[in-house]
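# Survey of secondary and tertiary structure
Listed below are the residues making up each chain.
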Amino acid sequence: MNKPSLVAAFLAALALSLPLYAQTPSFTIQADQPIAKVSPTLYGLMTEEINYSYDGGIYGELVRDRTPSTAWDALVSWPMVARGNSAVNVSIDSATGPSAALTRSLRVSVSAAAPGSPAGVENGGYWGIPVRPQTVYTGSFYAKTDAPGLAVTVSLENDQTGAVAATTTVTGLTGEWKQFTWTLKTAGVPPSSNNHLLLTIARPATVWFDLVSLFPPTYHARPSGNRVDIMEKLAAMQPKFLRLPGGNYLEGDHIADRFDWKKTIGPRTDRPTHPSPWSYRSSDGMGLLEFLEWCEDLKMEPVLAVYAGYSLQQEHIDPGPALEPYVQDALDEIEYVTGGADTKWGAERIKDGHPAPFPLHYVEVGNEDQFDRSHSYDGRFAQFYHAFKQHYPTLQIIATTPVKGVTPDVLDEHFYMPAEETFAQAHHYDAADRKGPKIFVGEWATREGNPTPDLEAALADAAWLTGLERNSDLIIMTSYAPLFVNVNPGGMQWAPDLIGYDALTSYGSPSYWTQVMFSTHLGTEVVASTLANAPARVYASVTRDDAKRKIFVKVVNATSTAQPLAIALTGVQKLAPLATLTTMSGRTPNATNSITHPDAVKPAAAKVPIPGPNFTQTFAPYSVNVLELSY
Ligand code: AHR
């Protein structure tokens, strides 16, 4: 290269580097300038029966179609078993059942069987029944027989090898319906999910079964409780509320298919089960009280969504007298949640086993009522609103879409967006009207990744959350949706979903980890901050907790290069010389977690030196970060 071209090359390089140098992004934080309170209830959970969220998900029941009497196609879950020369016929018997709510049953008619060649039925659970070593499983069934004295053998058997992990014998069957309880205890078996539950008899006879149930150890050892690994993942999110029971699941396809809460309480024999709009039938094992106990276990408050007279197939109840029974039903529901022993429905809850009332501050009227083409929501909402305020003046009432006539306390807004749109919406609420209702972002997600969101989605989610957090004087609650997915083929109706699982294990998606990072570094006040000269796809928000003397700086770098930020803090006397930087990043935006690689993308914490109030911190490519400073 000759001299002039060398000089030209040098000048060109300088020209390229100068603007870069001149535009080093800066982030100015006025730590003594709180501009808004952070809502203490900002992060919570939204839940419904979708993607096998309860049955085959968080609800610990391992037997699928445990009440075979409620659906004709339940026989699919109960294949017949005939070993050796035995013979059996299995059907649904519509002439007999164990209770007024369960009027049919599984009829197992064995015409040939002997001790070495038993016959009966099996149940493969939700894509397998999980077996772990040294574990006690709690089981029960209702049964009767035409051969009093008959014994039923109950076993957990491996699908491939036929190895029996645990077995017991249930005796004393009679001609009357009766519940039998039993346990199965495994020894040193390897963990596996490819097992089934086997119910057999060893001589010719007919047995009728219903409510066949099997539970592993549950979270907080609650009888008929929740799966431990999934509850632990939720606990790590430190959620403050649970929006229940839906979603579309609240509404049902038809009015008759709504979440009819009174049919979900009390003994399981009183729960007739019901179809969900997500293509399978709900066992209603996760009934109203179980939802509330789930809240109690994770120290969350329920955000109770009540059925408001609209179902998805455009069925609605006109406001006025026709709607009154539904309003009364919702008032009864609130009383069941909050009432004392001196109230009808409070007493009912106590009878169901929970003496203490539950805290309740928010009730949501319906779900996504903007889709009701009869436009009846203004009237329906007003009727519920006035009834609630009359009986419970301090209750905060949430509308699912803007209404005319009355001003709701809170408005629930939903956002399902591709990543580009989520990034673009990161400032959606910055200039929003503060004079109207508070906002509950009750469902939102960046829709990228299947079955669970990838890193790109998690970055966009994080950018979006910086906006919700910055505006959390207005946004009082947020919840991602859907929360769960059973990743087995046929398990999913909606993608992506925050937490994935099969029968044996579960994992958090990168978006799950974004939620954990944000909710566990909440702060109490938003402080003033200015991000200047930052390239597109860099986002930030800052909160502080003055009582704890902490500043939480959240930075999202969704670019492909490491991003230095010149951070200038004003308004603090002194900073601790070490901060904690928690970072979640990946090599490509497609990086993700899965049931086989559950930990590919997850946050890691490191100590970083803080030389003083002015310092440069570099944030990794494709990263979500929380810098926790002490002052
Ligand atoms: O989260 C899935 C569905 O999306 C919810 O049931 C519904 O409220 C929304 O349309």
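So, a few notes on the structure that sits alongside this text.

Definitions and cut-offs
Residues numbered from 1 in each chain as written. Predicted model: local features only at pLDDT ≥ 70, side-chain atom pairs only at ≥ 80, totals over all residues. Heavy atoms only, no water. Helix = DSSP H or I, 4+ residues; strand = E, 2+ residues; numbered from the N terminus. Rg over C-alpha atoms; globule rule 2.2 N^0.38 Å. Buried < 20%, exposed > 50% of the residue type's maximum accessible area, 1.4 Å probe, protein only. Contact = heavy atoms within 4.5 Å. 1 Å grid on protein atoms, 1.4 Å probe; cavity = no way out; pocket = protein on both sides within 12 Å on 5 of 7 lines; lining within 4 Å. Points joined across faces, edges and corners; volume = space filled by probe spheres on them. Nonpolar A, V, L, I, M, F, W, Y, C, P; charged D, E, K, R; others polar. Salt bridge = Lys/Arg side-chain N within 4 Å of Asp/Glu carboxyl O. Core = buried A, V, L, I, M, F, W, Y, C linked by side-chain atoms within 4.5 Å. Polar contact = N/O pair within 3.5 Å; in protein donor to acceptor, adjacent residues only side chain to side chain. Pairing = 2+ DSSP bridges. Axes fitted to C-alpha atoms, helices over the stretch in contact; angles between N-to-C directions. Near = heavy atom within 4 Å.

Looking now at the overall build of the protein. Within the protein, the regular secondary structure consists of 11 helices and 34 strands. Rg of the C-alpha trace for the protein: 28 Å, near the compact-globule value of 25 Å for 631 residues, within the 12% margin. By its C-alpha atoms, the protein is 100 × 65 × 45 Å across when sized along the principal axes. Across the 631 residues that make up the protein, the buried fraction comes to 58%. Across the protein, every contact between residues at least 6 apart in sequence was considered, and the portion connecting residues at least 24 apart equals 76%.

A word on empty space enclosed by the protein. To find leftover empty space, one rolls a probe the size of a water molecule over the atoms. According to the stated counting rule, one finds four cavities of 30 Å³ or more in the structure shown. As a volume, the largest cavity reaches approximately 120 Å³. Lining of the largest cavity is provided by 13 residues; of these, Gly56, Glu61, Leu62, Arg227 and Ala503 occupy positions nearest its centre. Class assignment for the residues of the lining of the largest cavity results in six nonpolar, five polar and two charged. Space inside the second largest cavity adds up to approximately 90 Å³.

What follows is about the pattern of salt bridges. The full count for this structure, using the stated rule, is 33 salt bridges. Its salt-bridge partner being Glu61, residue Arg66 comes within 2.8 Å of it at the nearest N-O pair. Across the pair, exposure class does not vary: Arg66 and Glu61 are buried alike. Through salt bridges with shared partners, one network takes in Arg222, Glu293, Glu296 and Asp297.

This next bit is on the nonpolar core. Inside soluble globular proteins, nonpolar side chains tend to come together where they are buried. Leu234, Trp294, Phe384 and Phe388 are the most contacted members of the largest nonpolar core, which has 106 residues in total. The greatest single-element share of this core, amounting to nine residues, is contributed by helix H10 (residues 455–470). One finds Val121, Leu156, Ala165 and Leu199 within the second-largest nonpolar core, a separate group that totals 38 residues.

In this section: the layout of surface pockets. By volume, the largest pocket amounts to about 480 Å³. Around the largest pocket sit 25 residues that line it, and Arg64, Asp65, Ala74, Ser77 and Tyr126 are the ones nearest its centre. Secondary-structure elements contributing two or more residues to the lining of the largest pocket are strand S6 (119–123) and strand S15 (281–282). The calculated volume of the second largest pocket comes to roughly 300 Å³. The greatest single-element share of the lining of the second largest pocket, amounting to three residues, is contributed by helix H5 (residues 288–297). Considered class by class, the residues forming the lining of the second largest pocket number five nonpolar, four polar and seven charged.

Right, let's get into the environment of Asn625. Note on placement: Asn625 falls in strand S34 (residues 623–630). On the basis of relative accessibility, which here comes to 1%, the residue Asn625 falls in the buried class. Separated by 44 residues in the primary sequence, Asn625 and Leu581 have C-alpha atoms spaced 6.8 Å apart. If we ignore the near neighbours within four places in the chain, the residues touching Asn625 are Met517, Val553, Lys554, Val555, Asn557, Leu581, Thr582, Thr583 and Phe619. Among the polar contacts made by the side chain of Asn625, one reaches the side chain of Thr583 at a distance of 2.9 Å.

Moving on, we come to the sheet that holds strand S9 (residues 164–170). Pairing in this open sheet of five strands is antiparallel, and the strands run S3-S6-S11-S8-S9 from one edge to the other. With partners counted over all chains shown, the strands left at the sheet margins are strand S3 (80–82) and S9, one partner each. The sheet shows a mean angle of 25° between the axes of neighbouring strands, direction not considered.

This next bit is on the side chain of Thr96. Among the structural elements, Thr96 can be located in the loop between strand S4 (87–93) and strand S5 (105–112). Owing to a relative accessible area of 12%, Thr96 belongs among the buried residues under this scheme. A distance of 3.0 Å separates polar atoms of two side chains, one belonging to Thr96 and the other to Lys144.

Attention shifts here to the site of the ligand. By nearness alone, every residue bordering the ligand is listed as Glu48, Gly247, Asn248, Trp278, Asn367, Glu368, Tyr416, Glu443, Pro482 and Trp494. Between the ligand and the protein, one listed contact pairs an oxygen atom with a side-chain N or O atom of Glu368 at 2.7 Å. Grouping the constituent residues of the shell around the ligand by class yields four nonpolar, three polar and three charged.

Moving on to the sheet that holds strand S26 (residues 506–508). Within the open sheet, the three strands sit side by side as S24-S25-S26. Their pairing is mixed. Whereas interior strands pair on both sides, the edge strands pair on one side only; in this sheet they are strand S24 (484–486) and S26. This sheet shows a mean twist of 20° between the axes of neighbouring strands, independent of strand direction. Where strand S25 (residues 499–501) lies against S26, three bridges are found, and the strand directions are antiparallel. Within S26, the position partnered with Tyr501 by the bridge is Ser506. Helix H3 (residues 228–236) contacts S24, S25 and S26 of the sheet and is inclined by roughly 15° relative to S26.

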